[in-house]
Amino acid sequence: MPGNPGADPVSDERVRVARAYGQHACSPGPRPRRASTACSASTIRFCRAPAPPVTYRDPSALLALPSGARALDATPRFDVAPLVFGLCHTDGNQHVNFLAYPRLAEEAALRRFAELGRDPRRLARRAEVSYRKPSFAGDVVRLLMQAFESDDEIGVVAVFLPEAAAKERSFAELSQVERPLAVVRVGFEA
């Protein structure tokens, strides 16, 4: 009998489980030389639905709590330990894949929820990522985050900083002084 014992029977019905949309903004200046400049549209689209119109948003906009959200942490706080990116986090270009950031932020958020006495048995339903430059295997970073909640969501706003630059700071200071490697906002159903 095919399939997994105890699992629902296999069906040909397709069910959408997620939607992803990526936007890359390049800084002005001379275009760097690349080995390949052609790109097939099928390699960058995740779904057939037309992409929603999006305007550029500065990464520091993700440092603010969502509208109507209440902070669960009075100030941003560092996760319990530094993160070390490994080869498992990288893509074919040996950069840390942009999908590693929300996954690591989700894991840190669940640890924080447990520390706050909140049920950590949650699944992230929304993630926004903005990153400044790639990280690489072997890079050591610190995750500075602030937990929040609203009527329909609980989540974290998180900033990935190089270990050497990690200091206790407010998000306002970071947006004006530092240039974080990545900024992530992860939301879970309340």
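Not measured: the values here are computed from a predicted model.

Caption draft 1: Fine view of the overall build of the protein. On a plain count of helices and strands, the protein comes out with two helices and seven strands. Buried residues in the protein amount to 30% of all 190 residues. When contacts within the protein are restricted to residue pairs at least 6 apart in sequence, long-range pairs at least 24 apart make up 77% of them. In the form shown here, the protein has an accessible surface area of approximately 13100 Å², with 52% of it arising from carbon and sulfur atoms.

Caption draft 2: Focus on unusual backbone geometry. The backbone of glutamine 94 sits at a positive phi, close to 65°, despite the residue not being glycine. Within the element layout of this structure, glutamine 94 appears in the loop between β3 (83-84) and α1 (100-115). Given a relative accessible area of 57%, glutamine 94 falls into the exposed group.

Caption draft 3: Representation of the pattern of salt bridges in the model. Inspection of the entire model under this criterion finds eleven salt bridges. Residue arginine 118 is joined to glutamate 149 by a salt bridge in which the shortest nitrogen-to-oxygen separation is 2.8 Å. Remark: glutamate 149 occurs in strand β5 (residues 140-149) and arginine 118 occurs in the loop between α1 and β4 (124-131); sequence separation between them is 31 residues. Salt-bridge contacts for arginine 121 lead to aspartate 119; the nearest nitrogen and oxygen are separated by 3.1 Å. The class for arginine 121 is exposed, based on a relative accessible area of 73%. The exposure class of aspartate 119 is partly exposed, given its relative accessible area of 33%. One continuous salt-bridge network, built from bridges that share partners, spans Asp73, Arg77, Arg112 and Glu115.

Caption draft 4: Main features of the pairing of β5. In terms of burial, β5 is a largely internal element, nine of the ten residues being buried. Sheet topology note: the strand β2 (residues 77-78)/β5 ladder contains two bridges and is antiparallel. Counted as the bridge partner of phenylalanine 78 is leucine 144 from β5. Here two bridges tie β3 to β5, and the two strands are oriented antiparallel to one another. Pairing of leucine 83 across the sheet is with valine 141, part of β5. Direction of pairing for β5 relative to strand β6 (residues 153-162): antiparallel, over a ladder of nine bridges. Its bridge partner lying in β6, leucine 144 is registered against valine 159. Hairpin remark: β5 followed by β6, antiparallel, with three residues in the connecting loop.

Caption draft 5: Highlighting a nonpolar patch on the surface. A contiguous nonpolar surface patch, about 280 Å² in accessible area, is contributed by Phe98, Leu99 and Tyr131. Along the chain, tyrosine 131 falls in strand β4. Taking the relative accessible area as the measure of exposure, tyrosine 131 reaches 34% and is therefore partly exposed.

Caption draft 6: Spatial organisation of the nonpolar core. Counting 23 residues, the largest nonpolar core has Phe85, Tyr101, Phe113, Val156 and Phe160 as its most contacted members. Elements with a minimum of two residues in this core: α1, β5, β6 and β7 (182-189). Excluding residues within four positions of it along the chain, phenylalanine 113 makes contact with Arg118, Arg122, Ala147, Ile154, Gly155, Val156 and Phe188. Core analysis: the second largest hydrophobic core is formed by seven residues, Leu62, Leu144, Val159 and Val183 among them.

Caption draft 7: Inspection of α1 at higher detail. With 16 residues, α1 extends 23 Å between its outermost C-alpha atoms, agreeing within 8% with the 22 Å of an ideal straight helix rising 1.5 Å per residue. For α1, every residue scored as buried is listed here: Ala100, Tyr101, Pro102, Leu104, Ala105, Glu106, Ala108, Ala109, Arg112 and Phe113. Turning to α1, the residues buried within the fold contact β2, β3, β4, β5, β6 and β7. Within two residues after α1, glycine 117 carries a phi angle of roughly 80°, on the positive side.

Here is what the cut-offs are and how they apply
- Within any chain, residue numbers begin from 1 and follow the written order of that chain's sequence.
- Where local features are concerned, this predicted model is filtered to residues with pLDDT of at least 70; where side-chain atom pairs are given and counted, the filter is 80 or more; whole-chain, interface and lining totals use all residues.
- Side-chain measures were taken over the full set of non-hydrogen atoms in the model, leaving aside hydrogen atoms and water.
- By definition, any uninterrupted DSSP run of H or I lasting at least four residues is a helix, any uninterrupted run of E lasting at least two residues is a strand, and each is numbered from the N terminus.
- Exposed residues in this analysis have more than 50% of their type's maximum accessible area, buried residues have under 20%, and partly exposed residues fall in between, with area computed by a 1.4 Å probe over protein chains only.
- Between two residues, a contact is recorded if the distance between any of their heavy atoms is within 4.5 Å.
- Surface exposure here means Shrake-Rupley accessible area, sampled with a 1.4 Å probe, where a residue is shielded only by the protein chains that are shown.
- A carboxyl oxygen of Asp or Glu within 4 Å of a side-chain nitrogen of Lys or Arg is what we treat as a salt bridge.
- Pairing between strands requires that DSSP locate at least two bridges from one strand to the other.
- Two joining distances apply to patches: 9 Å for like charges and 5 Å for nonpolar side chains (Val, Leu, Ile, Met, Phe, Trp, Tyr), and every residue must have over 30% relative accessible area and no salt bridge.
- Buried residues of nine kinds, namely Ala, Val, Leu, Ile, Met, Phe, Trp, Tyr and Cys, make up a nonpolar core once their side-chain atoms join them within 4.5 Å.
- What a helix should span is 1.5 Å times the count of its residues minus one.

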